[in-house]
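# Observations on chain architecture
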Amino acid sequence: MSILGNRVLRKEDQKFLTTGGTYVEDVPLEGAVHIVYVRSPMAHARIRSIETSEALESPGVVAVFTAQDIDLDPMPPGAPFANRAMTRPWLADGVVRFVGDMVAAVVADTRERAVDGAELVFVDYETLTPVVDASTAADNPTLVHEDAGTNVVLRLPDDFVSAGIEQVAAEVDLFEGCDVVIRQRMVNQRVAPCPLEVRASAAKWEDGHLTQWSTTQAPHSVKDTLVQLFELQPDQVRVIAPDVGGGFGAKIGGYPEELFVAWVSRRIDRPARWVETRSESMMTLGHGRGQIQEAELGGTRDGKLLGYKLTITQDAGAYPNFGAFLPVMTRLMLTGVYDITKTEFSSCSVATNTNPTVAYRGAGRPEATAAIERMVDIFADEIGMDPAELRRKNLIGKECFPFTTAVGTTYDIGDYEQALDRVLEAAGYAELREEQRQRRDSGDTKQMGIGLSTYVEVTNGIPGSEFGAVEVLADGKARVRTGTSPHGQGHVTAWAMLVADQLGIPVEDVEVIHGDTDEVPRGVGTFGSKSLQSGGVAVHQAAERVVEKAKKLVADLLEANPNDIELDKENRRFHVAGTPSVTKSWAELVEASGDAGLSAEVDFAAPGPTFPFGAHIVVAEVDTETGHVSLERIIAVDDAGRLMNPLIAEGQVHGGLAQGVAQALMEEMCYDDQGNPITANLADYAFVSAAELPSFETHPMETPTPINPLGAKGIGESGTIGSTPAVQNAVVDALSHLGVRHVDMPTTPIRVWSAIKEAKGDR
Amino acid sequence: MIPVAFDYVRAESLDEAIAALSEHGDEAKLLAGGHSLLPLMKLRLGTPSVLVDIGRLSELSFVRDEDTYIAIGALTRHHDVQHDTIVLREAPLLAAVAGRIGDPQVRHRGTIGGSLAHADPASDLPGAVLALDGTLVARGPAGDREIPASEFFKGFLETTLAPSEVLVEIRVPKGTTGHSYQKFVRRSQDWAIVGVAVARVNGHVGVSLVNVASTPVRATAVEQALASGASAADAAEQAAEGLEPTGDANATPEFRRHLARVLTRRGLVEAGL
Ligand SMILES: Cc1cc2nc3c(=O)[nH]c(=O)nc-3n(C[C@H](O)[C@H](O)[C@H](O)COP(=O)(O)OP(=O)(O)OC[C@H]3O[C@@H](n4cnc5c(N)ncnc54)[C@H](O)[C@@H]3O)c2cc1C
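Keep in mind that this is a model prediction, so the values were computed, not measured. (Residues numbered from 1 in each chain as written. Chains lettered and ligands numbered in written order. Predicted model: local features only at pLDDT ≥ 70, side-chain atom pairs only at ≥ 80, totals over all residues. Heavy atoms only, no water.)

What follows covers the overall build of chain A. Looking only at helices and strands, one finds 19 helices and 28 strands in chain A. A globule of 763 residues ought to have a C-alpha radius of gyration of about 27 Å, and chain A, at 27 Å, matches this closely. Counting every position in chain A, which comprises 763 residues, the buried fraction comes to 63%. Sequence separation of 24 or more characterises 79% of the internal contacts of chain A that already satisfy a separation of 6 or more. If you sum the accessible surface of chain A, you get close to 28200 Å²; carbon and sulfur atoms cover 47% of it. In chain A, the 66 positive side-chain charges and the 110 negative ones have mean positions that sit 2 Å from each other. (Helix = DSSP H or I, 4+ residues; strand = E, 2+ residues; numbered from the N terminus. Rg over C-alpha atoms; globule rule 2.2 N^0.38 Å. Buried < 20%, exposed > 50% of the residue type's maximum accessible area, 1.4 Å probe, protein only. Contact = heavy atoms within 4.5 Å. Areas by Shrake-Rupley, 256 points an atom, 1.4 Å probe, with all protein chains shown as cover. Lys, Arg positive; Asp, Glu negative; His and termini not counted. Charge placed at Lys NZ, Arg CZ, Asp CG, Glu CD.)

Structure, rendered in structure tokens:
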């Protein structure tokens, strides 16, 4: 019996729950200096002068650097297609563009003294008008980057058409035949990723070789950047991502704060390190989401959805990064699980004087789901149809896969109706509606809301291969090297299971090496819910090859045909079919293999992405007097194809649900009208906690994908994608009988209270 | 998150603490649980040059039943106030309020004296002691001084304690027949957006409001309405009388006034009125 599909406990948890693992800050580095960045307190200002002499005299301060000291080309913009004039300098060069922009780097022998020194750097600023509101940034005469001549970073489809990537879409009469067309403006607010481990970096040069420690999701890409920046040979750079305490997409690329550490180290010829504070992290680690959406949905009175239009303004922040590119991902998943044949999409990504936006758990797809799921609910309300019924009427049928949507995305496989049926049944939907009716009739101050969402998303969406290697060691244990870079996902256990499944070597005897570019020759990293279906498959195939090699070797040794060799996985021994008494163990085979060893490497490139899906129901109680929302139940049916370890998958769903709830109910990164962040610590920023969450009711569903041999799709982001609109829909549903039609996220007490008041006509 | 350098004095007795405060004057700060002071120092919003640590003065950690009132030592941790049998019996409002502060870590470190002396208008215990008509005992170089709670809070993070005085004891009357603490928060561990403390003690009803002004305030209009026979619902309508709360990301002034009314009504009802 295969170990796959079992709830194997995570090997790595012992360490994380006891010693806490080894993070970049824990790496000992003899004689290292500490860097503290002086950051701008202004959103937009010209730097008149920087006075560093007092800082330089401060005890322990070794050096203070400003823009003029730097002899290193800036990092290329993190956003494809971005205007080069919007490139971020290492340290602000004449103009600061957001609160938190780096102005100077203070280097001292201890962190404490670097902090003291940083207070003695005096910057004279001339205030400029900030561009804070993304919705008007495109036409704002004030420019975030003067030289760029515009605040617009990327326009879709226009920029893709002029780049020759796509053709001008044919004119369609979008709402032809529609009885009803509804419109709604929605804000998919900016959030702070808040990984438990903030950013940290350390660097050391020895004989022209650079070792860089980084808390990243993609060490090989950090290495590539360093090779390019310092004009080195690949073998001169080693990047190590030790244990990484969460990333959520925000730690995919290398940040200037981190890579600059290598420059400082080289310049002063000492190892150097940097770690940010929590407030610094909340202000300057890339933010997620940040879309303003204008949507229109049309259909017939009997519930056939016909046309959908979405127009997006994407806030890219001061220096366009991946955030500017998010609308591309949103468009990919525009119509979700529905068969809507006519669509129109346009977006405008703009620069503003705020922290840059990046990928964040779902990266563009949650925004698509939030928009369509909210619109479907409003449409149902408008035509007086149950939202579950309206969904059912428009779902893509399971017989239609592979299915290409109106925007040209091809979904691999799905059974959306089954997911919907299952969640309705698990929730006891009819009884819930009945209870809701009774509460409405009684006029209770606490009203009940039932929110649905049916979603589909795309995982492993970026083409390319991932590396995996398996090697059997002299003692009969195994070692895996993987290009994925886990930071909470449990690959150490999951990849060991893949090897155990093929080789019979038990999970505890399989070592998994990741996050070190000297140990792992190639790698892409971990993001976009890609790891199992790319790096996992590579490990699986490498293990298969090792078994093949072993069989050949056994055949040679026992003078038999390789096809007749069997591996008795239980006893971890090979024998010729029919003669189980003469056997060879893994250790014996490794010895027999001599210098060649017993190993295999695979670079697996999936033929395409996969499209996990599911259906969520949230039951909320809304206090109509105070606007307070409490969640009573969250029922989630998620289908990520074949589940290799349901325990780990469930963990991913739990975290995803919590994060999705957080966006719907709690979290928002806010700036005032002068561009000052006003939620830059965990007291002001309503990071969700266990106390605000009900116990999750999760129901796995398995529709294997034909795309890869494991039948697996991604599960890392599903929870976040499905739950957010379900919560938001539940809040609105609790109030719809009072005339409330929409409440923007996060659905805070003041927003809910104001919406009720407005519906009552009090204002 | 690194404070400016400071000197540290560990007081071995109350007298030593008072002497150290007298010596260093305005430059010195007492350190109790550290859960208000240290965060301010780490953000460099507070920069005392001397910390006088009273954290180990066990003489200041007690709960005593004193005939008509109970006395609580200033260094009694929130967790202990929450679970102490005398407090639970004689001043259940305080126990309930202490149990709503922050999270378990905060409740195991933070002290009632620190909470009152810090005088954050969003803190919970100051409002409760005010609703209970408590008395605070301060000790300075000249001896003990009793301060009614109604005269203790002067402004935002400001009390009538002198720089060389240590708050040693909090007294609240016995005889509670009904109480409620309505703390309106978004997350369980948050500070109150608005809080309302209600205490029925010896036939009198005390109502105080948290986080609607620069200090905790008594809802005098509500108390008067109740005294002249108004129903809980009618009296609660007076809760925002004279209030000019500030707005922030969680609430506009108007929403705070609204919450004050709703929570007062709920508090009065829960207290059996
Ligand atoms: C994460 C977090 C969440 C919190 N949530 C809440 C909450 O929901 N509600 C709430 O009410 N509070 C909350 N607090 C604050 C907490 O209750 C503090 O413990 C309390 O406000 C201060 O008590 P302390 O003993 O820690 O005082 P310290 O921080 O040690 O001191 C605070 C101030 O009081 C002075 N002081 C202390 N003791 C005395 C004394 N005996 N005499 C004279 N002056 C003295 C100090 O010099 C200092 O100025 C929270 C704190 C944190 C860190």
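The helix and strand tally for chain B stands at 11 helices and 14 strands. Viewed in the frame of its principal axes, chain B has a C-alpha envelope of about 55 × 45 × 30 Å. Within chain B, the proportion of its 273 residues that are buried is 54%. Excluding contacts between residues fewer than 6 apart, the proportion of contacts in chain B whose partners are at least 24 apart in sequence is 61%. Counting every atom, chain B has about 11400 Å² of accessible surface; 49% of that belongs to carbon and sulfur.

Moving on: the sheet that holds strand β2 (residues 45–51) of chain A. All names here are of chain A. Ordered by their spatial adjacency, 3 strands build an open sheet running β4-β2-β6, and the pairing between neighbours is antiparallel. At either margin of the open sheet sits one strand with a lone partner, and together these are β4 (95–96) and β6 (122–127). Of the pairings in the sheet, the one linking β2 to β6 comprises 6 bridges and is antiparallel in character. When the bridges of β6 are listed, isoleucine 50 appears paired with valine 123. (Pairing = 2+ DSSP bridges.)

Listed by partner, the interface residues are 28 residues for chain A and 20 residues for chain B. Summing both partners gives a buried area of about 2100 Å² for chain A against chain B, and 53% of it is carried by carbon and sulfur. Of all residues in chain A, A:Glu625, A:Ile750 and A:Trp753 bury the most surface against chain B, accounting for 26% of the area lost on that side. The tally of links from chain A across to chain B stands at 6 salt bridges. Taking the shortest distance from any N to any O, the salt bridge between B:Arg266 and A:Asp623 comes out at 2.7 Å. (Buried area = accessible area lost by both parts, 1.4 Å probe. Salt bridge = Lys/Arg side-chain N within 4 Å of Asp/Glu carboxyl O.)

Quick look at the nonpolar core now. Residue and element names in this part refer to chain A. The biggest cluster of nonpolar side chains holds 58 residues, and the ones touching the most others in it are Leu297, Tyr308, Tyr416 and Ile617. Considering each element in turn, this core owes the most residues, 9 residues, to helix α10 (residues 365–383). Two domains each provide a minimum of three residues to this core, namely domain 2 (129–192 + 288–405) and domain 3 (416–459 + 610–763). Those residues in contact with tyrosine 416 that lie beyond four places of it in its chain are Val337, Leu395, Ile396, Phe401, Tyr411, Val456 and Phe613. Grouped together as the second largest cluster of nonpolar side chains are 46 residues, Trp495, Val499, Val554 and Ala600 included. (Core = buried A, V, L, I, M, F, W, Y, C linked by side-chain atoms within 4.5 Å. Domains from an automatic or database assignment.)

Before going further, it helps to examine the pattern of salt bridges. All names here are of chain A. Applying the stated rule across the entire model yields 64 salt bridges over all chains. The partner of arginine 39 in a salt bridge is glutamate 257, with the nearest N and O atoms 3.0 Å apart. You can see arginine 39 sitting in strand β1 (residues 33–39) and its partner glutamate 257 sitting in helix α7 (residues 256–268), a full 218 residues away along the chain. Arginine 437 serves as the salt-bridge partner of glutamate 434, at 2.8 Å between the closest nitrogen and oxygen. One end of the pair is glutamate 434 and the other is arginine 437, both in helix α13 (residues 429–442) and 3 residues apart, which spans about a single turn. Assessed through its relative accessible area of 44%, arginine 437 is described here as partly exposed.

What follows deals with the site of the ligand. Residue and element names in this part refer to chain B. Near the ligand there are 29 residues, and of these Leu30, Gly34, His35, Leu37 and Thr111 occur at the shortest range. At 2.6 Å, a side-chain N or O of threonine 111 approaches an oxygen atom of the ligand. Taken together, the elements giving at least two residues each to the shell around the ligand come down to β2 (28–31), α7 (112–118) and β10 (166–173). Among the elements that line the shell around the ligand, the one with the most residues is α7, at 4 residues. A class-by-class count of the residues in the shell around the ligand yields 13 nonpolar, 12 polar and 4 charged. (Near = heavy atom within 4 Å. Polar contact = N/O pair within 3.5 Å; in protein donor to acceptor, adjacent residues only side chain to side chain. Nonpolar A, V, L, I, M, F, W, Y, C, P; charged D, E, K, R; others polar.)

Two descriptors summarise a pair of aromatic rings, namely the distance from one centre to the other and the angle between the planes of the rings. Residues and elements named next belong to chain A. Applying the stated criterion across every chain, the model contains 15 aromatic pairs over all chains. Seen from their ring centres, tryptophan 205 and phenylalanine 230 are 5.4 Å apart, and the 75° between their planes marks the pair as edge-to-face. On the criterion of sequence distance, the pair formed by tryptophan 205 in strand β9 (residues 200–206) and phenylalanine 230 in the loop between α6 (219–229) and β11 (237–240) is long-range, its members being 25 residues apart. Across the pair, exposure class does not vary: tryptophan 205 and phenylalanine 230 are buried alike. (Phe/Tyr/Trp six-rings, centres within 6.5 Å; stacked < 30°, edge-to-face > 60°.)

The next subject is the domain arrangement of chain B. Residues and elements named next belong to chain B. Under the domain assignment, chain B is made up of domain 1 (7–53), domain 2 (58–173) and domain 3 (176–270). For domain 1 and domain 2, the distance between their C-alpha centroids amounts to 19 Å. Contacts between the two partners involve 12 residues from domain 1, matched on the other side by 18 residues from domain 2. For the pairing of domain 1 and domain 2, the buried interface totals around 1200 Å² over both sides, and the portion due to carbon and sulfur atoms is 73%.

Moving on: the side chain of A:Arg199. Residues and elements named next belong to chain A. Along the chain, arginine 199 falls in the loop between β8 (180–191) and β9. Polar side-chain contacts of arginine 199 include one of 2.8 Å to the side chain of threonine 284. Beyond its immediate sequence surroundings of up to four residues, arginine 199 is in contact with Arg39, Thr215, Tyr255, Glu257, Glu258, Trp274, Val275, Glu276, Glu280, Thr284 and Leu285.

Before going further, it helps to spend a moment on a negative patch on the surface. All names here are of chain B. On the surface, a cluster of negative charge is contributed by Glu12, Asp15, Glu16 and Glu59. Positionally, glutamate 16 belongs in helix α1 (residues 14–24). Glutamate 16 sits in the partly exposed class, given a relative accessible area of 38%. (Patch = residues over 30% accessible without salt bridge, like charges linked within 9 Å, V, L, I, M, F, W, Y side chains within 5 Å.)

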